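Residue-level listing of the chains:
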Amino acid sequence: MVGKTLIRIEGVTKRFGQFTAVDDVNLEIEEGEFFALLGPSGCGKTTLLRMLAGLEVPSDGRILIDGEDMAGVPPNKRPVNMVFQSYAVFPHMSVADNVAYGLRMDGVAKAERAERVADALALVKLDGMEDRKPDQLSGGQRQRVALARALVKRPRVLLLDEPLSALDAKLREAMRSELAQIQDKVGVTFVMVTHDQDEALAMATRCAVMNRGLLQQVASPTDLYEYPANRFVADFIGSVNMFEGRLTVDEPDRAVITSSALPVPIYVDHGVTGATGTAVWAAIRPEKIEMLHRPDGGLPPRVAGVPEGHNVVPGRICHIAYLGSETVYDVQVDSGARIKVLRSNVARYEERGFDWEQPVWLAWHPRSPAVLLS
Amino acid sequence: MSREAIGPLDYLRRWPLRLWIALVAIFLYAPLITLMAFSFNESKRNIIWTGFTFDWYFKAFRNAGLLEAFTNSLTIAALSTAISVVLGALVAVACWRFRFPFKAGFEGTLALPIVVPEICMGVAMLVFFSRVMPWPAGLPWPLNLGAIIIAHVSFCFPFVAVIVRARLASFNRELEEAAKDLGASEWRSFMDVLVPHMRPALVAGALLAFTLSLDDFVITFFTAGPDTVTFPVKVYSMVRFSVTPEVNAASTVLIVLTVLLTAIGLKLQGREVAKSGGA
């Protein structure tokens, strides 16, 4: 997967009047990647994508595709094609005419055009639908037309603007893996914009998280989830329990964070390289917290590799959300914090399950918390 | 078998609405039907029915003055429609796409010909063409109609612009971006994407412009010269002497023509809308 840099975004800024939509973004996208631009709505991800397509012009900075500066190059002359959020399938043209449109604009000969259109339609499994009009297609099929229409031009980069947002849940899931398969098959670099973190994690090889025009982190899905760069990323990707506190111990092999929200300090088995006393945040994912029954008068359980009096807190279950494959428990800690715990429902029936109002111990491994400095 | 009870929304089955509909139908259509019926009347007077005849139609077709006026009207309508549609569509696109200084003022001025009383427009045109920019007399047909055509375009194209502007509001700008993204130039994406979207509005606007132009009397009356008489003006001058069934016959032809054109236009438009998915 690791190839040469295909897209280089250098200090790109886009301002609309007073509003800065994209703020000094530096980014490199490699050839053959499935790259996702991820962020909440209004974070500038779509503007960035549109600048790649040439539909917006950067206020500052430059964009290079294949080493070529794209400044002044109009959208119809760029080696990129886009799948629009609304699909933008031409309503007055048949499926085949839609797909052939780009080739016609390029002056591709009729025979070759027909062949490439057929190939593209086969790729997206729309063969046999050539003569249909867009209003005779479902939303998913329209999207396939948009996809075929863009891919048939064999672009260097395919841009996808929220490709799955208009589909219903089941179709969305199916389309996820299919998009990834298509990308595998054609080998084109995909750059996708999405606000849906599941989508980005499931499909992309690398993601860039943006917020308020600023790039927050660029990493693989795993790193994004397990090693978030800051509170925004930790919170935006997945759900998280965030504890604000201060570093009280910071050695090369261990660190301790004291938080007023928890009755015991948080112990981690690595150094943080901050001065003691620095404000930090410990982010612990709900599935990385273990929940144990707490009989009256019972002693707190010990967590391996953690000194006594760390990483174990008593609490009471105050809410249960059963989601089928897993259950989310809200546990109220006496010190005031409310902690989310996620358990997979591996068995159909649990002898000693958890119920509302039950007293429990929460414990976590010294490697579970991600310590964030900002 | 008992009749089904009248539902709360079954207004059509209650007498007040039926009476209303009857009144509307009488006052809208009875005059037209009378006009048409008496075009087949044998008597020279439009009062008593004496017998059926096609004579008045033959007479009307042999009336050189009437025929010339009729041709003039159709020519003026066709030309001013063509110009109005292009001009109106371009104005609509400009207002829809661009921001420019005094845009609100521009759009307001645009609607002026719609709201200004026709008589004022007529007098204004008269003054303009007699004092400011006299239209050269004695030009060969159809150039001699130039002044009337310009006058007609000036009050027809705003209607086209308004209709097209409304249609453009439903245009998905991503369609145009998609066309460009796929390699289309500005012009190609305009022709391939925007124009097809506007087509129903263009048809509707053309229809409106055509009928407006065809039956305009007031403005035409003030701009027409002795050698550029249009059908409505001609009918008016004929009626001043007496209403002969000849006028009825000519009017009937005109009515049938407009109804036919409208029907065709509506049918075309309906098909377009259905094709574009009503969007």
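Values in this document were obtained by computation on a predicted structure and should not be read as measured data.

Comments concerning the UniProt feature "domain: ABC transporter" (unreviewed entry) in chain A
- Residues annotated in UniProt with the feature "domain: ABC transporter" (unreviewed entry) correspond here to residues 7-237 of chain A.
- Secondary structure content for residues 7-237 of chain A is 36% helix and 27% strand, and the end C-alpha separation is 25 Å.

A short note on the nonpolar core
- Among the nonpolar cores identified, the biggest contains 66 residues, and Ile7, Ile9, Leu37, Leu48, Phe90, Leu159 and Val191 of chain A are the most heavily contacted of them.
- Per element, the largest residue contribution to this core is eight residues, and it comes from helix H8 (residues 186-214) of chain B.
- Here leucine 37 of chain A is in contact with Leu27, Lys45, Leu48, Leu49, Val191, Met192, Val193, Thr194, Ala208 and Met210 of chain A, once residues within four sequence places are set aside.

Some points on the pairing of strand S9 (residues 206-211) of chain A
Residues and elements named next belong to chain A.
- Summarising burial for S9: five of the six residues are buried, a large majority.
- Examined bridge by bridge, strand S3 (residues 34-38) and S9 share four bridges and lie parallel to one another. What sits directly across from leucine 38, in S9, is valine 209.
- Here five bridges tie S9 to strand S10 (residues 214-219), and the two strands are oriented antiparallel to one another. Along S10, the bridge assignment pairs alanine 208 with valine 218.

Regarding the sheet that holds strand S19 (residues 359-364) of chain A
Residue and element names in this part refer to chain A.
- With antiparallel pairing, five strands are arranged side by side in an open sheet as S15-S19-S16-S17-S18. Of all strands in the sheet, those bounded by a partner on one side alone are strand S15 (289-293) and strand S18 (338-344). Going across the sheet, the axis of each strand differs from the next one's by a mean of 45 degrees, ignoring polarity.
- Of the pairings in the sheet, the one linking strand S16 (residues 312-322) to strand S17 (residues 326-333) comprises seven bridges and is antiparallel in character. Paired with tyrosine 322 across the strands is threonine 327, a residue of S17.

So, the interface of chain B and chain A
- Counting residues at the interface gives 21 residues for chain B, matched by 28 residues for chain A.
- Across the interface of chain B and chain A, roughly 1,900 Å² is buried in total on both sides, 57% from carbon and sulfur atoms.
- Contact with chain A buries area across many residues of chain B, yet Glu174, Asp181 and Leu182 of chain B alone supply 37% of it, more than any other trio.
- Across the chain B-chain A interface, the total number found is one salt bridge.
- In this structure, arginine 50 of chain A and glutamate 177 of chain B form a salt bridge, with 2.6 Å as the shortest nitrogen-oxygen distance.
- For the pair chain B and chain A, the number of links is ten residue pairs in polar contact (both at pLDDT 80 or more).
- Counting residues per element, the ones that place at least two in the side of chain B that touches chain A are helix H7 (173-181), H8 and helix H11 (245-275) of chain B.
- Here the element with the most residues in the side of chain B that touches chain A is H7 of chain B; it accounts for seven residues.
- For the side of chain B that touches chain A, the class distribution of residues is eight nonpolar, six polar and seven charged.

Calculation notes
Residues numbered from 1 in each chain as written. Chains lettered and ligands numbered in written order. Predicted model: local features only at pLDDT ≥ 70, side-chain atom pairs only at ≥ 80, totals over all residues. Heavy atoms only, no water. UniProt positions renumbered as here; feature names shortened; annotations may be inferred. Helix = DSSP H or I, 4+ residues; strand = E, 2+ residues; numbered from the N terminus. Core = buried A, V, L, I, M, F, W, Y, C linked by side-chain atoms within 4.5 Å. Buried < 20%, exposed > 50% of the residue type's maximum accessible area, 1.4 Å probe, protein only. Contact = heavy atoms within 4.5 Å. Pairing = 2+ DSSP bridges. Axes fitted to C-alpha atoms, helices over the stretch in contact; angles between N-to-C directions. Buried area = accessible area lost by both parts, 1.4 Å probe. Salt bridge = Lys/Arg side-chain N within 4 Å of Asp/Glu carboxyl O. Polar contact = N/O pair within 3.5 Å; in protein donor to acceptor, adjacent residues only side chain to side chain. Nonpolar A, V, L, I, M, F, W, Y, C, P; charged D, E, K, R; others polar.

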